[in-house]
Amino acid sequence: MAMFRLQIILPLLTTLLAPSAGFTAPSHFQTSSSCMTLQMNKRRSAPRAGAGGFGKKATSLNIKTKKPKPNFVYAGDLRPYPQSPPRIVDPSAVLAIPDYAIDGIPKNKGSSTTIEIKSEEDIVKMRAAGRAAREVLDIAGSLVKPGVTTDEIDEAVHRACLERKAYPSPLNYRNFPKSCCTSVNEVICHGIPDMRPLEAGDVVNVDITVYLDGYHGDCSEMFVVGGKEALDEAGQKLIQTTYDSWLTAMQACKPGVDYNVIGKLIQNYITPKGYSTVRSFCGHGIGKTFHTAPNIFHYTVNQPLGEMLSGHVFTIEPMICEGLPDPYMWSDDWTATTVDGKRSAQFEHTLLITNDGIEALTGKLESSPMQFWEKESEIHKGIWLGTSAAAKARAEEVNSTVGSS
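Draft legend 1. Region of the structure containing the nonpolar core. Val144, Val157, Val206, Ile208 and Val210 are the most contacted members of the largest nonpolar core, which has 37 residues in total. Among the secondary structure elements, those contributing two or more residues to this core are α2 (120–142), α3 (150–163), β7 (203–212) and β8 (215–224). When sequence neighbours within four positions are dropped, the list of residues in contact with Val144 reads Ile153, Leu198, Val204, Val206, Phe223 and Val225.

Draft legend 2. Spotlight on the sheet that holds strand β14 (residues 327–329). Read across the sheet, three strands follow the order β6-β15-β14 without closing on themselves; strand pairing throughout is antiparallel. Every other strand in the sheet has two partners, leaving β6 (187–189) and β14 as the edge strands with one partner each. Pairs of neighbouring strands in the sheet enclose a mean axial angle of 50°, with direction left out of account. The pairing of β14 with strand β15 (residues 336–338) spans three bridges and is classified as antiparallel. For Met329, the partnering residue across the bridge sits in β15 and is Ala336.

Draft legend 3. Summary view of empty space enclosed by the protein. Per the stated rule, a full pass over the model turns up two cavities of 30 Å³ or more. Estimates place the volume of the largest cavity at around 160 Å³. Lining the largest cavity are 16 residues, with Leu78, Thr182, Ile192, Asp194 and Trp330 positioned closest to its centre. For the lining of the largest cavity, the class distribution of residues is seven nonpolar, five polar and four charged. Roughly 90 Å³ of volume is contained in the second largest cavity. Taken together, 13 residues make up the lining of the second largest cavity; nearest its centre are Tyr243, Trp246, His349, Lys364 and Glu374. Listing elements by their share of the lining of the second largest cavity, those giving two or more residues are β8, α4 (233–251) and α6 (372–375).

Draft legend 4. Here's a closer look at helix α5 (residues 260–270). Here α5 has its buried residues at Asn260, Ile262, Gly263, Ile266, Gln267, Tyr269 and Ile270. Where α5 is buried, its residues meet α4, β9 (276–277), β11 (292–296), β12 (313–316) and β13 (319–321).

Draft legend 5. How the structure looks around the packing of α2 against α3. Contact pair α2 / α3: the axes reach a minimum separation of 9 Å and the direction vectors enclose 155°. Our classification of the angle between α2 and α3 gives roughly antiparallel. As for how α2 packs across α3, the hand of that crossing is right-handed. Every residue of α3 that contacts α2 at Val136, Ile139 and Ala140 is listed here: Ile153, Val157, Ala160 and Cys161. Each residue belonging to the contact of α2 with α3 can be placed in one class, and the counts come to seven nonpolar, no polar and no charged.

Draft legend 6. Region of interest: the packing of aromatic side chains. Applying the stated rule across the entire model yields 13 aromatic pairs. Their ring planes at 70° and their centres at 4.7 Å tell us that Phe372 and Trp373 sit as a pair that is edge-to-face. Accessibility expressed as a relative area gives 9% for Phe372, which makes it buried. The class for Trp373 is buried, based on a relative accessible area of 1%. Through pairs of rings, three or more aromatic residues link up here, namely Tyr243, Trp246, Phe347, Phe372 and Trp373.

Conventions adopted
Residues numbered from 1 in each chain as written. Predicted model: local features only at pLDDT ≥ 70, side-chain atom pairs only at ≥ 80, totals over all residues. Heavy atoms only, no water. Core = buried A, V, L, I, M, F, W, Y, C linked by side-chain atoms within 4.5 Å. Buried < 20%, exposed > 50% of the residue type's maximum accessible area, 1.4 Å probe, protein only. Helix = DSSP H or I, 4+ residues; strand = E, 2+ residues; numbered from the N terminus. Contact = heavy atoms within 4.5 Å. Pairing = 2+ DSSP bridges. Axes fitted to C-alpha atoms, helices over the stretch in contact; angles between N-to-C directions. 1 Å grid on protein atoms, 1.4 Å probe; cavity = no way out; pocket = protein on both sides within 12 Å on 5 of 7 lines; lining within 4 Å. Points joined across faces, edges and corners; volume = space filled by probe spheres on them. Nonpolar A, V, L, I, M, F, W, Y, C, P; charged D, E, K, R; others polar. Parallel < 35°, antiparallel > 145°, perpendicular 65-115°, else oblique. Left-handed = near helix turned anticlockwise from the far one by under 90°. Phe/Tyr/Trp six-rings, centres within 6.5 Å; stacked < 30°, edge-to-face > 60°.

Shown next as structure tokens:
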């Protein structure tokens, strides 16, 4: 789940942005003699400073008011649909709840500069959280079909998290109203699940984060409604390019490599193919805290950003666009679309730097489907799980048994 970075948008684009409006969540944290339930808090808290995070607002996007505008101009064809009420969590049903679950305000923001080196115990628990996130993402992806609503997907995600005794991390994070993000077509990220039925040819990013036993696991993937045959050639190329740029960056990660290599590789890969990379959102460190150091930029930064060390855990999650990369905020104050209404694609893993490379803690399983972009990748054919010896051995096992979508 991407962090929102402050950015100066071109004045011409800024003048086109409508004032944003917030949503009102209908329920509070409640207690009863039988159980406690966590629901959305009515009041929307202001974003606070810290290491950044999902929903951190950019003042250059002209976010000045929470009142909806009836004449809001949308950049593309997608429109918001009604939403179901936020789903509840019984704290006794999960191993732990994050510090923002009740009031929507994250208390432990982590460091903005110091990158934590995870202990062996941390890594064991992060592997568990990563696997749970992957299982939930695979369940969500299996529901991406014509006629299914993203609200139905959110319901399945919520249920799958609780079945694994995990809290769905997005729920009430800075008052986000749902248990996952579903970003369709021109939506770059942070799309709110709603009642719109999916249509053949839609491209959908489902972003899953779970909070299991005190640790977050974060991943996202693209899905095509109706399968590859329902998607036009341009859409196929967008997804393939996004996936291969992501792989290119991940393949380069190992101890001693500067973090600025990630963005350089992504931008150098996509630009000659005619695409742009979003600068307003970035990847992030992750662990006990949802968003912390380091910030992972998906574009060229011509200055040192620090060296990767064994034990660092972070996400890489490039958002690649057919047209302009500037975000255009809907009046729900969450949904970020492309400013020109053209499509965007994204992939994400939670990644661990090891002594001999990198491992995807949210990597695919034997039960995971293999998508066309994995089969047709010019960077790595088949499912990728990392570059460490252990990750490569695991990938061989998975690729020998994994089913096709």
